[in-house]
Amino acid sequence: MTGVPASAAGGPSGARRTAGAAPGGMPATGRVVAREARGTAPGSSGGGPARRGASGRGPAGARTHGDEAAPATASRDGVDAGDGTRPARGAKIAAAAVNQASVWNIANLLTMLRLLLVPAFVMLMLAEGGYDPAWRSFAWAAFAIAMITDLFDGHLARTYDLVTDFGKIADPIADKAIMGAALICLSSLGDLPWWVTGVILGRELGVTLLRFLVIRYGVIPASRGGKLKTLTQGIAVGMYVLALTGWLATLRWWVMAAAVVLTVATGLDYVKQAIVLRRQGIAEREAALEETEA
């Protein structure tokens with residue numbers, strides 16, 4: 001028998017390796033070299049990369065398990081990041097402080113401004129008996145600012161991720177407060193029939209209640225018709241706030257008529273969506289219950 005070559009007889013640690021050939025005819029030395037070229041540790045049964053280091057971490061701090069690597073998770077709130085690190089003391093308190101400070105963002109400030117404009121609008125609208133054109137013009141300016149901020153606060157909140165629980169609650173309240181105040185003032189002054197005010201406010205309150213009733217089954221999205229209704233209502237009420245005469249007074253009547261039609265039509269559409277959403281939710285719950293029992 002021929003002697004074993006030095007390269008195959010001993011490794012870096014001095015351990016001897018047998019010079020036997022693999023079933024495919026490859027010498028043991030060649031097999032070790034091939035494993036090292038593939039990045040496989042000797043003695044591993046799989047063909048994946050070798051585990052790096054005793055702790056089993058890759059270059060990016062990922063934990064390796066066998067041939068698969070999963071990135072380590074991190075938490076900004078001080079929750080265990082998956083690497084055994086204990087949460088920093090006071091991290092949750094700091095995170096809560098940041099969330100609390102986020103309430104004072106530009107979107108919420110615009111909503112607060114709209115809420116403050118409601119009593120200002122009422123005082124300007126009813127000043128001097130409510131029929132002075134100058135005071136009505138100031139009231140229209142307050143109403144216009146409130147309606148414009150309504151267009152921007154929601155857009156800013158969605159675009160820059162400024163959505164907060166306060167905004168979700170305060171925004172619809174501010175919308176209905178300024179519109180309701182304007183309608184009630186106009187009807188109390190005799191400029192607008194009470195039934196118009198009743199239809200518009202009844203629809204708004206009814207849709208809000210409907211959303212709460214079906215929220216367990218899902219959310220009713222805002223439709224294009226609803227947005228057009230809001231725009232038409234704002235224009236019509238704004239024209240009634242101003243002391244208009246002549247053909248402009250006739251025009252505002254038609255704009256208000258269109259607003260009333262859109263108000264009723266979109267209200268019925270919301271009722272239809274709520275019924276469909278409720279039926280779908282009940283059907284999904286029954287199907288899930290049957291699968292659980294089976």
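Residues numbered from 1 in each chain as written. Predicted model: local features only at pLDDT ≥ 70, side-chain atom pairs only at ≥ 80, totals over all residues. Heavy atoms only, no water.

1. Concerning the packing of helix 7 (residues 194-213) against helix 9 (residues 247-293)
Step number 1: As a packed pair, helix 7 and helix 9 sit with axes 10 Å apart at the nearest point and diverge in direction by 25°. As summarised for this structure, helix 7 and helix 9 are arranged roughly parallel, according to the angle between their axes. Where helix 7 crosses over helix 9, the handedness of that crossing is left-handed. Where helix 7 abuts helix 9, its residues Trp195, Val196, Val199, Ile200, Arg203, Val207, Leu210 and Arg211 lie against Met256, Val260, Thr263, Val264, Thr266, Gly267, Tyr270, Val271 and Ala274.
Step number 2: Grouping the constituent residues of the contact of helix 7 with helix 9 by class yields 12 nonpolar, 3 polar and 2 charged. (Axes fitted to C-alpha atoms, helices over the stretch in contact; angles between N-to-C directions. Helix = DSSP H or I, 4+ residues; strand = E, 2+ residues; numbered from the N terminus. Parallel < 35°, antiparallel > 145°, perpendicular 65-115°, else oblique. Left-handed = near helix turned anticlockwise from the far one by under 90°. Contact = heavy atoms within 4.5 Å. Nonpolar A, V, L, I, M, F, W, Y, C, P; charged D, E, K, R; others polar.)

2. Here's the deal with the packing of aromatic side chains
Centre distance and the angle of the planes are the two values used to describe a pair of aromatic rings.
Step number 1: According to the stated counting rule, one finds 3 aromatic pairs in the structure shown.
Step number 2: Taking 5.9 Å as the distance between ring centres and 45° as the angle between the ring planes, the aromatic pair formed by Phe121 and Phe143 counts as tilted. Here Phe121, found in helix 4 (residues 106-126), pairs with Phe143, found in helix 5 (residues 133-159); they are 22 residues apart in sequence, far enough to count as distant.
Step number 3: For Phe121, a relative accessible area of 0% corresponds to the buried category.
Step number 4: Look at Phe143 and you get buried, because its relative accessible area is 2%.
Step number 5: Plain terms: the ring middles of Trp253 and Trp254 are 4.9 Å apart, the flat faces sit at 85° to each other, and that makes the pair edge-to-face.
Step number 6: Sitting above the plane of the Tyr240 ring, Arg252 keeps its charged end 4.5 Å from the centroid. (Phe/Tyr/Trp six-rings, centres within 6.5 Å; stacked < 30°, edge-to-face > 60°. Buried < 20%, exposed > 50% of the residue type's maximum accessible area, 1.4 Å probe, protein only. Lys NZ or Arg CZ within 6 Å of the ring centre and 35° of its normal.)

3. A few points about unusual backbone geometry
Step number 1: Positive phi, normally seen in glycine, also occurs at Glu128, with a value near 60°.
Step number 2: Here Glu128 shows up in the loop between helix 4 and helix 5.
Step number 3: Classification of Glu128 as exposed rests on a relative accessible area of 62%.
Step number 4: Despite not being glycine, Asp161 has its phi angle at roughly 55°, a positive value.
Step number 5: In this fold, Asp161 is placed in the loop between helix 5 and helix 6 (165-188).
Step number 6: With relative accessibility at 67%, the residue Asp161 sits in the exposed group.

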